Amino acid sequence: MARPTARVLNLVQPALGAACGGRVKTAAGAALPPVRVHFLREPIPYPIGLKLQNDIIDARLAARARDPARGKSDVLLLLEHTPTYTTGRRDNSPNPDQLHPEEQKVQHVGADFYITKRGGQVTYHGPGQLVGYPILDLNAMETPTRCYVEYLQALLADYVREEHDLDVLAPHPDGHVGVFSTPTEKMASIGIHLRHRITSHGFALNVTPEPIPWFDLVTACGLADVRAVSLHALLDRLGPGAGAGAGSVGGTLASPRPAVRDVAAALVPRFQDVFARRFVPLASDADAASGERADVDAVRQLVEQAEEDAARANQAQGGWPAVPDLSRRE
């Protein structure tokens, strides 16, 4: 069966620290239209999510080609995937006619496996994990690529620290990009792609414990001494009422263990602050000029089609397993 492909640049260099200034220049962000945000209704099969990103960028570039004043609508897609493993070009895959070594480990466990053209090695996406796909024009934002990666990493780490009073490492002491609870536990990954300086792909943050058994079947990101960990597991270690931070009431969490959608909602204001932009719902027509409204409508139609396609695919599949099925594992 033909495998869908994605192009992602996975940066593993140490972050630039003060060189990036902690956020996008206010003047650059203020001159741009608001970013449209959408949380997709149900877990999305990976090929549908990949196609949606590519379709949005294609439509944007086509609009820009017709009229240089068009194609300026940035988007933030927030979602969960159905159980899926992906790997990329940096792991020196063997003969493409043979199963990838990591794919051999997860045959018949209930998850799809896709070899992509992104950077990096094998990882897992599935329910219980928040995936964010920012589609942003870095040229218009006057933002270097490495700074963009640092901003994503910093806003995820700051969310965990400030909302839940957890200590995290971002990046890893050895320079690996992501958010780590310890040098041997990773809770969030980042991998991006640039096309005409427009970003796609983005980040994945383990919220509930559901993704962890799937991660345990592979050597995620090629880091043999690092295990995946979830936000819930880290809070559980601290005991009842742990994580009382910016989202707390009277010293206890208003919602003791946040759902994926709760985390998504909490991250949006942090995106707004770091990128010096307004982030508004995709369904809103707020601040949309006539030309931009047409671009936003085009994105809405693509998102609606992706949600419909996902609903049909999930219904045809009959759902997905909550844990790996090891009974048929080879």
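Residues numbered from 1 in each chain as written. Predicted model: local features only at pLDDT ≥ 70, side-chain atom pairs only at ≥ 80, totals over all residues. Heavy atoms only, no water.

Novice: Describe in detail the overall build of the chain, supporting the description with residues and values.
Specialist: Summing up its helical and strand segments, the chain has eight helices and 13 strands in all. Going through the 330 residues of the chain one by one, you find that 53% of them count as buried. Contacts spanning at least 24 positions in sequence make up 79% of the contacts within the chain whose residues lie at least 6 apart. Of the accessible surface of the chain, which amounts to about 14300 Å², a share of 53% is contributed by carbon and sulfur atoms. (Helix = DSSP H or I, 4+ residues; strand = E, 2+ residues; numbered from the N terminus. Buried < 20%, exposed > 50% of the residue type's maximum accessible area, 1.4 Å probe, protein only. Contact = heavy atoms within 4.5 Å. Areas by Shrake-Rupley, 256 points an atom, 1.4 Å probe, with all protein chains shown as cover.)

Novice: How would you summarise helix 2 (residues 46–66) if you had to cite specific residues and measurements?
Specialist: With 21 residues, helix 2 should cover 30 Å at 1.5 Å per step; its first-to-last C-alpha distance of 31 Å lies within 8% of that length. Those residues of helix 2 lying buried are Tyr46, Ile48, Gly49, Leu50, Leu52, Gln53, Ile56, Ile57, Arg60, Leu61 and Ala63. (Expected span 1.5 Å × (residues − 1).)

Novice: Could you give an account of the nonpolar core, naming the residues involved and the relevant values?
Specialist: Residues Leu78, Leu130, Met187, Leu267, Phe271 and Phe275 are the most contacted members of the largest nonpolar core, which totals 46 residues. Among the secondary structure elements, those contributing two or more residues to this core are strand 1 (35–39), strand 2 (75–79), helix 4 (145–164), strand 8 (185–195), strand 9 (198–206), helix 6 (231–238) and helix 7 (260–274). Ranked by residues supplied to this core, first place goes to helix 4 with 10 residues. (Core = buried A, V, L, I, M, F, W, Y, C linked by side-chain atoms within 4.5 Å.)

Novice: Account for the packing of aromatic side chains, with residues named and values stated.
Specialist: Following the criterion strictly, the structure yields 10 aromatic pairs and no others. Considering the side-chain rings of Tyr124 and Phe215, the 5.7 Å spacing of their centres and the 75 degrees angle between planes classify their relative orientation as edge-to-face. Of this pair, Tyr124 sits in strand 5 (residues 123–125) while Phe215 is found in helix 5 (residues 212–215), placing the two residues 91 residues apart along the sequence. One aromatic cluster in this structure is built from Tyr148, Tyr151, Phe203, Phe271, Phe275 and Phe279. (Phe/Tyr/Trp six-rings, centres within 6.5 Å; stacked < 30°, edge-to-face > 60°.)

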